[in-house]
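# Structure assessment
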Amino acid sequence: MVISPLVASDTEEVVRLARINWAESRFQWLPFDDAKIRANLIRMIEAPATSNCAIVARNHAGKLVGYLAGSIEEYFFCRARIASSVFLFVDPAERGGQAAVKLVLAFRQWAVNREAVEMYIGVAGGVLMEQTGRFLQRLGLRLTGGNYSLWLSGPEAAKVHTGPAGFLPRNP
C-alpha cells in the first residue's frame, strides 16, 4: 500500500470513491455533485500544503483505493493547532487491509510536521461507526465525545421525533 499526496490526475478516481462513500452514508438523500467535489479537490491541491491535507492510498496494483482529506487550524480559544479530518474513506473491497491504517498514520505525520497538538478524526457518515471507532482506538485515538445532528429539511427531517410540546415543531 502506497500513500501519496493527491494530484490533479487522481481527481476522477477520488470522485468515483466519493460516490461510493456518499451512497453508503447517511447523506445519500442529498444530491451528489461531481463538479463540487472536483472543485474542492483542486482547491485542496492548489492551496498551501500547510493548511490542507489531501492524500490517497494505492494498492499493490497501483489502483487508488482510499483517500483522506483534512485541514489544520488554530483552536478557537488559543494559538495551538488541531488537525481535523474531513473525510477518511477506503473502498469496501479493500477494507480490513492497510489502506486506512496508512492513511491515518500519514495524516498524523502531516499534523506533527505542522506542529499540531491534536489530531481529530470524526465518524459522522453513519457507516460502520462501532467498527471504525475500534479501529481508531487501536491506532491510539481516544473517544472524546459524540457527533449529534438534526436534519432540518428533506425526507430525514420528517422522521424527527418532536419531543415535548413546543420543542422542534414540525410546522413552525
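Here's a quick rundown of the structure. Just so it is clear, the structure is predicted and the values come from calculations on it, not from any experiment.

## Considerations on empty space enclosed by the protein
Scanning the entire structure with this criterion turns up one cavity of 30 Å³ or more. The computed volume of the largest cavity comes to approximately 30 Å³. Lining the largest cavity we find Leu6, Val14, Leu41, Ala54, Ile55, Val56, Tyr67, Leu68 and Ala69. Where the lining of the largest cavity is concerned, the elements lending two or more residues are β2 (52–58) and β3 (64–74). Tallied by class, the residues present in the lining of the largest cavity amount to nine nonpolar, no polar and no charged.

## With respect to the sheet that holds strand β1 (residues 2–5)
Pairing within the open sheet is mixed, and its five strands lie in the order β1-β2-β3-β4-β5. Strands at the two margins of the open sheet, each flanked by one partner only, are β1 and β5 (116–120). Direction aside, neighbouring strands of the sheet carry axes that sit 25° apart on average. One ladder, built from four bridges, connects strand β4 (residues 81–90) with β5; its direction is parallel. Bridging across to β5, Ile82 finds its partner in Glu118.

What counts and what doesn't
- Residues numbered from 1 in each chain as written.
- Predicted model: local features only at pLDDT ≥ 70, side-chain atom pairs only at ≥ 80, totals over all residues.
- Heavy atoms only, no water.
- 1 Å grid on protein atoms, 1.4 Å probe; cavity = no way out; pocket = protein on both sides within 12 Å on 5 of 7 lines; lining within 4 Å.
- Points joined across faces, edges and corners; volume = space filled by probe spheres on them.
- Helix = DSSP H or I, 4+ residues; strand = E, 2+ residues; numbered from the N terminus.
- Nonpolar A, V, L, I, M, F, W, Y, C, P; charged D, E, K, R; others polar.
- Pairing = 2+ DSSP bridges.
- Axes fitted to C-alpha atoms, helices over the stretch in contact; angles between N-to-C directions.

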